[in-house]
Amino acid sequence: FVGTDQVVASELLHVDEGNGALMFACSSEWRANIEAPDSKNVMLVCACEQSKIQFQGGHGALAEFDSRSVVRIGTPKFIWRFQRRRDLRYAVPSLKIVLNLGFLESEAEVADLSVGGAGVVNCDTEVNLDEGELLKDCSIALPGVGKITVDLTVEHLTALRTIDGAGMSRVGCRFSGLSEESRTLILHYLGTVASG
């Protein structure tokens, strides 16, 4: 929400090209914002294939779509940022990573993976990471391929809320000094994800 530190996760449900509108899943936080007298505009950030897209909408309006309450936002007239990623990222459901924090280990979920890095979610709430921090000897078990050990540099941190209102953190990580063997294994695993 523009001008605040509030961020919520949502889901694009429908693109109404005829009426120039986007329909999003409505979380309780978003509903409260829309109904507030001083409603804030929203900045929407999403990933699509190899690109990160960012655009600003109005504060949105409650609407009905497919028998559910949604947030309706007009199709944006322009995009604030369109950033192509060098490496194609793939959503990887049920993939786990063990973060080596030096004095302890913490398991988290890998939301997306490429040969350049990984998006990590649902870290333990007690884990405090900083941008630029290097996490050495973290491990990812790639199903059907094997376990790899990687060093991660924390690129960015985002506090989110799921659609049902639960707190969640997303950590964008870049691989540092990835070995050729690990790169090959990641490519092999992503090949199976893409084909299947």
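Quick notes on the rules
- Residues numbered from 1 in each chain as written.
- Predicted model: local features only at pLDDT ≥ 70, side-chain atom pairs only at ≥ 80, totals over all residues.
- Heavy atoms only, no water.
- Helix = DSSP H or I, 4+ residues; strand = E, 2+ residues; numbered from the N terminus.
- Buried < 20%, exposed > 50% of the residue type's maximum accessible area, 1.4 Å probe, protein only.
- Contact = heavy atoms within 4.5 Å.
- Areas by Shrake-Rupley, 256 points an atom, 1.4 Å probe, with all protein chains shown as cover.
- Pairing = 2+ DSSP bridges.
- Core = buried A, V, L, I, M, F, W, Y, C linked by side-chain atoms within 4.5 Å.
- Axes fitted to C-alpha atoms, helices over the stretch in contact; angles between N-to-C directions.
- Polar contact = N/O pair within 3.5 Å; in protein donor to acceptor, adjacent residues only side chain to side chain.
- Phe/Tyr/Trp six-rings, centres within 6.5 Å; stacked < 30°, edge-to-face > 60°.
- Disulfide = S-S within 2.5 Å.

Quick word on the overall build of the chain
- Looking only at helices and strands, one finds two helices and 13 strands in the chain.
- Of all 196 residues assigned to the chain, the portion counted as buried reaches 36%.
- Here the contacts in the chain between residues at least 6 apart in sequence split such that 54% fall between residues at least 24 apart.
- In the structure as shown, the chain presents an accessible area of about 11,300 Å², 49% of it carried by carbon and sulfur atoms.

Section: the pairing of strand β6 (residues 68–74)
- As defined by bridge partners, strand β2 (residues 21–25) adjoins β6 across five bridges and the pair is classed as antiparallel. Counted as the bridge partner of A21 is G74 from β6.
- Both strand β5 (residues 61–65) and β6 contribute to a ladder of five bridges, which runs antiparallel. The residue bridging A63 from the neighbouring strand is V70, located in β6.
- Counting the residues in the hairpin turn of β5 and β6 gives two residues, including D66, whose phi is positive at 55 degrees.

Brief notes about the nonpolar core
- Core analysis: the largest hydrophobic core is formed by 26 residues, its most contacted members being L113 and L152.
- With sequence-adjacent residues up to four places away left out, L113 is seen in contact with L88, R89, Y90, V92, L95, A118, L142, F175, I186, Y189 and L190.
- The next biggest cluster of nonpolar side chains, apart from the first, holds 13 residues, and it includes V8, F24, I53 and I73.

Section: the sheet that holds β2
- An order of β1-β2-β6-β5 is seen for the four strands of this open sheet, with the pairing classed as antiparallel. The open sheet terminates on both sides in strands that have one partner only, identified here as β1 (12–16) and β5. This sheet shows a mean twist of 35 degrees between the axes of neighbouring strands, independent of strand direction.

Considering the side chain of S114
- By the secondary structure assignment, S114 is in the loop between β9 (105–113) and β10 (117–121).
- Exposure remark for S114: the relative accessible area of 1% places this residue in the buried category.
- Reaching out from S114, the side chain makes a polar contact with the backbone nitrogen of G116 at a distance of 2.9 Å.

A short note on the environment of C46
- Secondary-structure assignment places C46 in strand β3 (residues 42–48).
- Sequence separation between C46 and L12 is 34 residues, and the spatial gap between their C-alpha atoms is 9.5 Å.

Some points on unusual backbone geometry
- One non-glycine residue, D66, lies in positive phi territory at about 55 degrees.
- Relative to the assigned elements, D66 resides in the loop between β5 and β6.
- D66 gets classed as exposed once you look at its relative accessible area, which sits at 64%.
- Even without glycine at this site, S67 takes up a positive phi of about 65 degrees.

Brief notes about the packing of aromatic side chains
- Inspection of the entire model under this criterion finds one aromatic pair.
- Ring centres of F24 and W30 lie 5.8 Å apart, and the angle between their planes is 45 degrees; on these two criteria the pair is classed as tilted. Neither F24 nor W30 differs from the other in exposure class; each is buried.

A few points about the state of the cysteines
- Within this structure, the stated rule accounts for zero disulfides.
- C138 carries a free sulfur, and the closest cysteine sulfur to it, the one in C173, is 7.7 Å from it.
- Among the residues examined, C138 registers a relative accessible area of 0% and is labelled buried.
- What makes C173 buried here is its relative accessible area of 4%.

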